[in-house]
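# Geometric and topological summary
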Amino acid sequence: MRRNGIVPAGHRRPRFGQRIGVVATGVALVLSGTGVAQAAQAERSKPAAPRWEAVGPDSLGGSLGLSASKPNEIAVMTDAPQLLWLSDDRGGHWRLRDTVPRTGGAARAFVVDPRDSRRMYLLVSKQVGFGVYEGWLLRSTDRGASWKTLRHDTKDGPLQLAVSGRTVVTEGLDTIGVSTDGGDHWRQIARPWARGSMAAPMLRHQLALVGGDLFATTVSPGQDLWVIKGIGGASPVPQRLGKPGRQAVDEVAATRWGVVVTAGHALYGTSDRGRTWRLLLGDKADYLYGPQIFGDQVFVTTAGKVYASRDRGRTFAHWNVPISGQGVGEVAPMPGKPGTTLVSDGYHGVFTTTNGRTYRPLGVPSETAAHLVTTRDRQGRTLLVSAGIWDLFHTPLPTGRVTPATRRWTRVTSDQLHAHPRIAVSSRSPRTVWRAEENGLSTGIYRSGDGAVTWSKPAFINDGGAPFDLLVHPADPRRVSVLFHSLDGWGIRGTDDEGATWWTAQLPDAPYTSLAGDPRDPRRVWLGSRKGLLRSDDGGRTFTSVSGAATAQVFVDPRDPRRVLAGESELRLSTDGGAHFRTVQPSANGILKQVVADPRRPRTLYAAWSGNARTGVWRSDDAGATWHDISRGLVSPSTSSLTVSPDGRWLFAGTNFTGVQRLRLN
């Protein structure tokens, strides 16, 4: 295996290398039943030793963890779920440590000790009721190999974290926790500023710890700046510093030479602990957020700009952002490489820049590939297309050497409201790709004639919401159906003439999951739901029940439509067109995500599973009668999608949170 293959943490070499939607990404994945559990695989039958290799797309970022003691090391913690990605060569190669306990919350802060890169702190919080927050403070002393829970507060946060040396401070809704021994022992003090209504800290930079003094901005009432002097001592002294420029303050950053705060469109600074303030920066067009100080360098951002100062805020340079209009999450100078700055956008990835105009992506391989297809562009090249939680990505079919450049795929973004894209390719024209996605409170349906490179204007289902599946019928690709759910319930939006006209059929209330078409009968459509399997003989307008067994996915063999596979936690096979089924894989902790056929091997099928007891990629060489696990070697075996290259030489697996993996087929 080449050096650029990712291996799980703990294995030997080789290894590989602010948009609000990041939090929504984690929620959406939890709801879809995906995860990254790496539990022991049950029901293994003569496991092979395949050589899986990560191919991209490298697109997501997270919180940065840097340490001056190890300038070549970079740590990135994703927001939800919390996955730790580590690089020992400044982002050239990455390895995953999926070791953070699963809490269902979102990362609020991630800190790496600047003097010891093995010591890390992670604060995770989750809203569990109206105005009630549950929080976990975790610590690792072995660079993320293991984590210890230092605090677990069920009602009072914590929601903010500040670390300086061995002093650790957390802020909850009403109290402040203080530890002076790195988190082993704690004492609680009452927060000196009142909590107005149900307000809770939501911004990420509302605490700053300098020596023994804690600086904090309040949310409501007041939006003031406070300092608690001697926070680690026996008698801390709180002092209200007020509102610089008579404006409500938002976030704070502090160091030994001064304090800076954002206040709407302005950045203020003080070098005398709040006695006098001066305006450092103003931006009439955008709000400023995310102030950070590193030595003499000060950074603050807007939705479309980064402001950088190298002289303690006296002057600022105006930088672009890596993706126009999307903002960034964190900015930090790279240790040991003067003049190079890291910029992390949790939604688009981690970048480096030396001039604030051009950015080089480092590429953390933490994207979820929920759907995969192969297609052709206008030049006849075969493309691999991946649909994630928010965007589409495409790349020339990755069959050659994998490099950081090849792992950076082309992103297809339609607008800022889209989510949960579904994709499907015409069975007769490999250049024709359909896509359905959520557009706010509607469902947009798009068509591409050049392999997902460019797209037509969408047709909208105005009362739609999230699409749950998209079917381009294998017997007649002019027939396209979208399974969707709206405030009015479940329905199917269909066309029989490639989108010239559309019809809508309402469905009885049930949790529907998937569509499939008969490869020889254009009027036969199968519909899976958690309450059973249904069949339509009029193109999807009406359905009759076939089976009451839960069906997350249904597959009809393209070579023999009498062979139907259906299942959720178990897998069932019919050889008589659905009249009778028998179980070929018993129920286990796992969800069937997809079944695909090998285009060159008539009786070979592949199945994707996401779960614990049964997860990863499984193979059948007898048309679905028996199965064996071939997922050993995947970075994260939890898998949502599969596709086989048209020549049958490569199998691609879309994993949850670790991108697309490939396997050469013998």
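All values derive from a computational prediction rather than experimental measurement. (Residues numbered from 1 in each chain as written. Predicted model: local features only at pLDDT ≥ 70, side-chain atom pairs only at ≥ 80, totals over all residues. Heavy atoms only, no water.)

### Structural notes on the overall build of the protein
Scanning the protein for helices and strands turns up 1 helix and 57 strands. For 666 residues, the compact-globule estimate of 2.2 N^0.38 gives 26 Å, and the protein sits close to it at 26 Å. Counting only residues that meet the buried cut, the protein has 60% of its 666 residues in that class. Surface exposure of the protein reaches about 25900 Å², of which carbon and sulfur atoms provide 50%. (Helix = DSSP H or I, 4+ residues; strand = E, 2+ residues; numbered from the N terminus. Rg over C-alpha atoms; globule rule 2.2 N^0.38 Å. Buried < 20%, exposed > 50% of the residue type's maximum accessible area, 1.4 Å probe, protein only. Areas by Shrake-Rupley, 256 points an atom, 1.4 Å probe, with all protein chains shown as cover.)

### Observations regarding the pairing of strand β41 (residues 489–495)
Extensive coverage of β41 is indicated by the burial of 6 of its 7 residues. As defined by bridge partners, strand β40 (residues 480–486) adjoins β41 across 7 bridges and the pair is classed as antiparallel. Pairing of L483 across the sheet is with I492, part of β41. Taking the residues that link successive antiparallel strands as the turn, the β40-β41 hairpin has 2 residues. Relative to strand β42 (residues 503–506), β41 runs antiparallel, the two being bridged by 4 bridges. By the bridge assignment, R493 is partnered in β42 with T504. (Pairing = 2+ DSSP bridges.)

### Quick word on the sheet that holds strand β31 (residues 371–376)
An order of β31-β32-β33-β34 is seen for the 4 strands of this open sheet, with the pairing classed as antiparallel. Two strands lie at the open edges of the sheet, namely β31 and β34 (410–412), each paired on one side alone. Mean inter-strand twist for the sheet, computed between neighbouring axes without regard to direction, equals 25°. Two strands pair when backbone bridges link them, and β31 and strand β32 (residues 382–387) are joined in this way by 6 bridges, in the antiparallel orientation. Bridging from a neighbouring strand, T375 pairs with L383 of β32. (Axes fitted to C-alpha atoms, helices over the stretch in contact; angles between N-to-C directions.)

### Topic: the environment of G211
Here G211 lies in the loop between β15 (207–210) and β16 (213–217). What makes G211 partly exposed here is its relative accessible area of 27%. Not counting the four nearest positions on each side in its chain, G211 is found in contact with S164 and R256. (Contact = heavy atoms within 4.5 Å.)

### Digging into the pattern of salt bridges
Under the defined criterion, the tally for this structure stands at 35 salt bridges. R541 is paired through a salt bridge with D496; the nearest N and O atoms lie 2.9 Å apart. Of the two residues, R541 is situated in the loop between β45 (532–536) and β46 (544–547) and D496 in the loop between β41 and β42; the sequence distance between them amounts to 45 residues. Residue classification places R541 among the partly exposed positions, given a relative accessible area of 33%. Accessibility expressed as a relative area gives 28% for D496, which makes it partly exposed. For R601, the salt bridge identified is with D598, shortest N-O distance 2.7 Å. For the pair R601 and D598, one class covers both residues: buried. Linked by salt bridges that have partners in common, D476, R478, R479, D496 and R541 make up one network. (Salt bridge = Lys/Arg side-chain N within 4 Å of Asp/Glu carboxyl O.)

### Regarding the side chain of T352
In this structure, T352 sits in strand β29 (residues 349–353). The class for T352 is buried, based on a relative accessible area of 8%. Leaving out residues up to four positions away in the same chain, T352 has contacts with M334, T340, T341, L342, T358, Y359, R360 and L362.

### Topic: the sheet that holds strand β38 (residues 459–461)
Sheet architecture is open: 4 strands sit in the order β35-β36-β37-β38, paired in antiparallel fashion. This sheet does not close on itself; its edge strands, each paired only once, are β35 (418–425) and β38. In this sheet, neighbouring strand axes are inclined to one another by 20° on average, regardless of whether the strands run parallel or antiparallel. Bridging between β35 and strand β36 (residues 433–439) involves 6 bridges; their strand directions are antiparallel. Residue H418 lies in a different strand from β36, and its bridge partner there is N439.

### Describing the confidence of the model for the protein
Averaged over all residues, the pLDDT of the protein equals 88, while 91% of them reach at least 70. Confidence drops under pLDDT 50 across residues 1–48; counting only partners more than four residues distant or on other chains, this segment forms 139 contacts. (pLDDT = per-residue confidence, 0-100.)

### Focus on the environment of R562
On the secondary structure map, R562 appears in the loop between β47 (553–556) and β48 (564–567). Residue class for R562 comes out exposed when judged on its relative accessible area of 52%. Each C-alpha atom, one on R562 and one on D518, is 9.1 Å from the other, the two residues being 44 residues apart in sequence. When neighbours within four sequence positions are excluded, R562 is seen to be in contact with S574, T575, D576 and G577.

### So, the packing of aromatic side chains
Geometrically, a pair of aromatic rings is defined through the distance of the ring centres and the angle of the planes. What the rule picks out here adds up to 7 aromatic pairs. Geometrically, the ring pair formed by W490 and Y512 is edge-to-face, given 5.4 Å between the ring centres and 75° between the ring planes. Taken together, the residues W490 in strand β41 and Y512 in strand β43 (residues 512–517) connect sequence positions 22 residues apart. In terms of burial, W490 and Y512 fall into one category: buried. Here the aromatic cluster, defined as three or more aromatic residues joined through ring pairs, consists of F294, F299 and W319. Just above the ring of W186 sits the side chain of R151; from NZ or CZ to the centre is 4.7 Å. (Phe/Tyr/Trp six-rings, centres within 6.5 Å; stacked < 30°, edge-to-face > 60°. Lys NZ or Arg CZ within 6 Å of the ring centre and 35° of its normal.)

### As for unusual backbone geometry
For the peptide bond that leads from G56 to P57, omega is -5°, which places it in the cis range. Counting through the fold element by element, P57 comes out in the loop between β1 (53–56) and β2 (63–65). That bond from G157 to P158 is cis: its omega, 0°, falls within 30 degrees of zero. Relative to the elements of secondary structure, P158 occurs in the loop between β10 (156–157) and β11 (160–164). With phi around 60°, R312 is a residue other than glycine that occupies positive phi space. Position of R312 relative to the elements: it lies in the loop between β25 (306–309) and β26 (317–319). Here R312 falls in the partly exposed class, since its relative accessible area comes to 34%. One non-glycine residue, H420, lies in the positive phi region at around 55°. Take H420: it is sitting in strand β35.

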